[in-house]
Amino acid sequence: MCLATVYKESDNTVICRNVSRIDVEGEFVRIRDILGEETRVQGKILMVDLANSEVRLVCD
């Protein structure tokens, strides 16, 4: 299983670790970690690096 870390692009802040699922819902990105905890962020996906388990978001 490949789990990712989601970062806020502007300041490299970690939004969520051990991410198992990401859903895009219009202007929002819903992030779910391995324990089922969800975080909802207004923004868009800038980059997904599967080799390094990294996702970068541009947050509004």
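Structure's up top.
As a starting point, this report considers the structure included with it.

How each quantity is defined
- Residues numbered from 1 in each chain as written.
- Predicted model: local features only at pLDDT ≥ 70, side-chain atom pairs only at ≥ 80, totals over all residues.
- Heavy atoms only, no water.
- Helix = DSSP H or I, 4+ residues; strand = E, 2+ residues; numbered from the N terminus.
- Polar contact = N/O pair within 3.5 Å; in protein donor to acceptor, adjacent residues only side chain to side chain.
- Contact = heavy atoms within 4.5 Å.
- Core = buried A, V, L, I, M, F, W, Y, C linked by side-chain atoms within 4.5 Å.
- Buried < 20%, exposed > 50% of the residue type's maximum accessible area, 1.4 Å probe, protein only.

1. Details of the side chain of D33
Among the secondary structure elements, D33 is positioned in strand β3 (residues 28-33). Side-chain polar atoms of D33 contact the backbone nitrogen of L35, separated by 2.9 Å. A distance of 2.9 Å separates a polar atom in the side chain of D33 from the backbone nitrogen of E37. The contact partners of D33, leaving out residues within four places of it in the chain, are C16, R17, N18, V19 and S20.

2. Section: the nonpolar core
One finds A4, V6, C16, V19, V29, I31, V41, V55 and L57 forming the largest nonpolar core, which totals nine residues. Among all residues touching V6, those that are not within four sequence positions of it are T13, V14, I15, C16, V19, I22, I31, V55 and L57.

3. Section: the side chain of R56
Checked against the element boundaries, R56 lands in strand β5 (residues 54-59). Looking at R56, its side chain comes within polar contact range of the side chain of N12, at 2.5 Å. At 2.8 Å, the side chain of R56 forms a polar contact with the side chain of E54. Beyond its immediate sequence surroundings of up to four residues, R56 is in contact with Y7, K8, E9, N12, K44, I45, L46 and M47.

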